[in-house]
Amino acid sequence: SNQALNKYRNNKTLENLIEFKRSKAIKTRTIKESKKQSWQNFVSSLNPETPSKKVWQKISRIQGKKITRQTTT
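Residues numbered from 1 in each chain as written. Predicted model: local features only at pLDDT ≥ 70, side-chain atom pairs only at ≥ 80, totals over all residues. Heavy atoms only, no water.

Q: So what's going on with the pattern of salt bridges? Which residues, and what values?
A: Using the criterion set out here, one finds 1 salt bridge in the structure. A salt bridge links Glu19 to Arg22, with the shortest nitrogen-to-oxygen separation between them at 3.3 Å. Here the residue Glu19 and the residue Arg22 both occupy positions in helix H2 (residues 14-45), the gap between them amounting to 3 residues, near one helical turn. Residue Glu19 is classed as partly exposed on the basis of its relative accessible area of 38%. (Salt bridge = Lys/Arg side-chain N within 4 Å of Asp/Glu carboxyl O. Helix = DSSP H or I, 4+ residues; strand = E, 2+ residues; numbered from the N terminus. Buried < 20%, exposed > 50% of the residue type's maximum accessible area, 1.4 Å probe, protein only.)

Q: A description of the packing of helix H1 (residues 2-10) against H2 should follow, citing residues and the corresponding values.
A: At a minimum axis separation of 8 Å, H1 and H2 run at an interaxial angle of 160 degrees. Taken together, the axis directions place H1 and H2 in an arrangement best described as roughly antiparallel. Considering how the two elements wind past one another, H1 and H2 form a crossing that is left-handed. On H2, the residues touching Ala4, Leu5, Lys7 and Tyr8 of H1 are Asn16, Leu17, Glu19, Phe20 and Ser23. Looking at the contact of H1 with H2 residue by residue, the classes come out as 5 nonpolar, 2 polar and 2 charged. (Axes fitted to C-alpha atoms, helices over the stretch in contact; angles between N-to-C directions. Parallel < 35°, antiparallel > 145°, perpendicular 65-115°, else oblique. Left-handed = near helix turned anticlockwise from the far one by under 90°. Contact = heavy atoms within 4.5 Å. Nonpolar A, V, L, I, M, F, W, Y, C, P; charged D, E, K, R; others polar.)

Q: Pulling in residues and values, what's your account of the side chain of Lys58?
A: Position of Lys58 relative to the elements: it lies in helix H3 (residues 52-62). As a buried residue without a salt bridge, Lys58 has its nearest oppositely charged side chain in Glu33, at a separation of 16 Å. When residues no more than four places from it in sequence are discounted, the contact partners of Lys58 are Ser38, Trp39 and Phe42. (Lys, Arg positive; Asp, Glu negative; His and termini not counted.)

Q: Which residues make up the packing of H2 against H3, and what are the values?
A: At a minimum axis separation of 12 Å, H2 and H3 run at an interaxial angle of 175 degrees. On the basis of their axis angle, the class for H2 and H3 is roughly antiparallel. Contacts from Lys35, Ser38, Trp39 and Phe42 in H2 reach Lys54, Val55, Lys58, Ile59 and Ile62 in H3. For the contact of H2 with H3, the residue count by class is 5 nonpolar, 1 polar and 3 charged.

Q: Report on H2, specifying residues and quantitative values.
A: In this model, H2 (32 residues) spans 47 Å end to end at C-alpha, consistent with the 46 Å of a helix rising 1.5 Å per residue. Turning to H2, its buried residues number three or more, namely Asn16, Phe20, Ser23 and Phe42. Of the surrounding secondary structure, the elements contacted by the buried residues of H2 are H1 and H3. (Expected span 1.5 Å × (residues − 1).)

So, in structure tokens, the structure goes:
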């Protein structure tokens, strides 16, 4: 995707624009499918003994929130 973007920036032709958009779409679709598969694997691994903290951490990660660990001194 970055190579296609650089190629388009250096030489703004219709072919380079199409290739950039195609590679961007593939990247987006791959990420979306990966997230979906990860969620399905996680949900199938849940059971009544799964800690609620683990569930909420996973949900937060999927939403893009960063998990910070608090240290006590």
